[in-house]
Amino acid sequence: MDNFIKPPVEVRYADELAALAASDKGRRPENWKLSPRAVRTFILGGKVDTPSGKAEISKKFYGNDSLVERAIITLAGSRGLMLVGEPGTAKTMLSELLSAACCGVSTNTVQGTAGTTEDMIKYSWNYALLLSKGPCREALVPSPLLIGMEQGIFARFEEITRTPAEIQDSLISVMSDQILNIPELGDDGLVLARQGFNIIGTANTRDKGVNEMSGALKRRFNFETVEPVRDVKQEKEIIIREAEDMAKAGHIDMPVDTDVAELLAVTYHELREGRTADGTVVERPSAIMSTAEAVSVYFQALSHAWYYDDSRFDLGILTEILVGAVCKENREDLAKLRAYFRTASKDKTKEGGLWKTYLSSSKLLK
Ligand SMILES: Nc1ncnc2c1ncn2[C@@H]1O[C@H](COP(=O)(O)OP(=O)(O)O)[C@@H](O)[C@H]1O
Ligand SMILES: [Mg+2]
C-alpha cells in the first residue's frame, strides 16, 4: 500500500476491522459486516478481545460520541443519514468510516457538483454495447446508488447540496419505495433494494445550502449536524495523528513536534471562538478555521523543513503558511490575524519558550 497516497478506510484499517469482526458478538442488522456496537468501537476507539488476544482499536473521530451512535442507528433503519456542517468537520471522514465498518466498502460514492446529472445518480449506458446489443443488462452502467441497492451496501452522496435540487429529487422515489425502475429493460427493469442498502449524504453549510433541498427529500433523511472540535487537546491530537499519517505517506522521516501542534491548535481554536484563553475578545476571520486546515498548515511547514531546511522546523515558515491559509478568501482577514498575534504577544509570552519564538518569528508583527 506504500504506493498510494490515501488507500480507502477498509484497506488502511483492515487489521482493526478484522479484529472487530473476530470479537463481535453484538446484534447485527441484515447484511452488515459488524454490529452497531463494533462499528461504534471502530470509530470511537477501544479494546477488543479476539481469539488471538487483545487488540487496540484507534480513536478516529473526536467530539460528539452520541452523534456517532445515532448515525449508526439511523443507518440500520430505512431513512438515510445526512451529515451537515462547516467544511473540515470530518463529515466525509465519518461517512467513509461508517461505510467501511458497516459494509466493508467506503468507495461507493457519488460526488455532488453543479454538473451532476440524473444518470450519474441512477444509471447510464455503454453506448457501444447499447448500439450493438440493444438495451440489456450488459450495456447498463450502474450508478453507485444502483450498486448499493443491488449489493445491499451504502451509497455515499458527497456534497449533495451542490447538485441542483431537481436532480437531488431523483433520490426520492428510490428512498421511499426502495425500488429503481429501468424502463428500457422492460420486465427485467425493476431493481429492488436489498437489505443493508442505505444512503449517507454530506452537505456543507457554507455551500448553497440545505435550505434549497426539497422538503420531500429532507423528510427521507435523518439530519445530524457535525460541529467543529471545540476542545484544544482533542484538536492537538488530531493534528498530531493526521500529520504523522501524512508524513508517513509522503516518506518524510521527521517526528511531529507536539508542542508546535499545540500552538497551532490553540491559534485555530482561539480564532474560531473569537477569544483567547484569558478571555480577551479577538475578531474572527471570515475564513473557516477548520481542524483540517490546521493539519494542512502543519504538514506544509513540515514538508518545507524536510525538503529545504534539512529537517529544521521553522516557526516563521509556519506563520507564513498560516497567513496563506487564513487569508485566501478575504484580504481583510490579514488585519484580523495580525491583531490576534498582537493580542497573543501580550498574554502568551509569559508562557515563554515556543510561543515567544512563534510570535517573534512572525512577520505578522513586523
Ligand atoms: N471531529 C474530528 N475528529 C477527527 N478528525 C477530525 C475532526 N474534525 C476534523 N478532523 C480532521 O479533518 C479532516 C477533514 O475532514 P473531512 O472529512 O474532509 O471534512 P468535511 O467533509 O466535513 O469537509 C479529517 O480527515 C480529520 O483529519
Ligand atoms: Mg467533505
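Fair warning: this is a prediction, and the values are worked out from it, not measured in the lab.

Some words on the site of ligand 1
Part 1: Near ligand 1 you find 17 residues, and of these Y62, G88, K91, T92 and M93 are the closest.
Part 2: One of the backbone nitrogen or oxygen atoms of G88 is found 2.7 Å away from an oxygen atom of ligand 1.
Part 3: The separation between an oxygen atom of ligand 1 and a polar main-chain atom of A90 is 3.1 Å.
Part 4: Listing elements by their share of the shell around ligand 1, those giving two or more residues are α5 (91-103), α12 (232-249) and α14 (291-308).
Part 5: The two domains that each donate at least three residues to the shell around ligand 1 are domain 1 (64-225) and domain 2 (232-364).

Some remarks on the environment of Y268
Part 1: Within the secondary structure, Y268 is located in helix α13 (residues 258-273).
Part 2: Sequence separation of Y268 and S290 is 22 residues, and the distance between their C-alpha atoms is 7.5 Å.
Part 3: Those residues in contact with Y268 that lie beyond four places of it in its chain are E235, M289, S290, E293, A294, V297, L322, A325 and V326.

Examining the packing of aromatic side chains
Here the distance between the centres and the angle between the planes together describe a pair of aromatic rings.
Part 1: Counting across every chain of the model gives five aromatic pairs.
Part 2: Ring centres 5.9 Å apart and planes at 85° place the aromatic pair Y123 and W125 in the edge-to-face group. Each member of the pair, Y123 as well as W125, carries the same accessibility label: buried.
Part 3: Where Y298 meets F313, the ring centres are 5.4 Å apart and the plane angle is 20°; that geometry is what we call stacked. Of this pair, Y298 sits in helix α14 while F313 sits in the loop between α14 and α15 (315-326), and the two are 15 residues apart along the sequence.

Side note on the domain arrangement of the protein
Part 1: Structurally, the protein comprises domain 1 (64-225) and domain 2 (232-364).
Part 2: Facing four residues of domain 1, the contacting portion of domain 2 comprises five residues.
Part 3: Summed over both sides, the interface between domain 1 and domain 2 buries roughly 370 Å², with carbon and sulfur atoms accounting for 54% of that surface.
Part 4: Summed over the three residues of domain 1 that lose the most area to domain 2, namely P87, G88 and R206, the buried surface amounts to 79% of that side.
Part 5: Between domain 1 and domain 2 we count zero salt bridges in total.
Part 6: Across the domain 1-domain 2 interface, the total number found is zero residue pairs in polar contact (both at pLDDT 80 or more).
Part 7: Of the residues that constitute the side of domain 1 that touches domain 2, the class distribution is one nonpolar, one polar and two charged.

Cut-offs used in this document
- Residues numbered from 1 in each chain as written.
- Chains lettered and ligands numbered in written order.
- Predicted model: local features only at pLDDT ≥ 70, side-chain atom pairs only at ≥ 80, totals over all residues.
- Heavy atoms only, no water.
- Near = heavy atom within 4 Å.
- Polar contact = N/O pair within 3.5 Å; in protein donor to acceptor, adjacent residues only side chain to side chain.
- Helix = DSSP H or I, 4+ residues; strand = E, 2+ residues; numbered from the N terminus.
- Domains from an automatic or database assignment.
- Contact = heavy atoms within 4.5 Å.
- Phe/Tyr/Trp six-rings, centres within 6.5 Å; stacked < 30°, edge-to-face > 60°.
- Buried < 20%, exposed > 50% of the residue type's maximum accessible area, 1.4 Å probe, protein only.
- Buried area = accessible area lost by both parts, 1.4 Å probe.
- Salt bridge = Lys/Arg side-chain N within 4 Å of Asp/Glu carboxyl O.
- Nonpolar A, V, L, I, M, F, W, Y, C, P; charged D, E, K, R; others polar.

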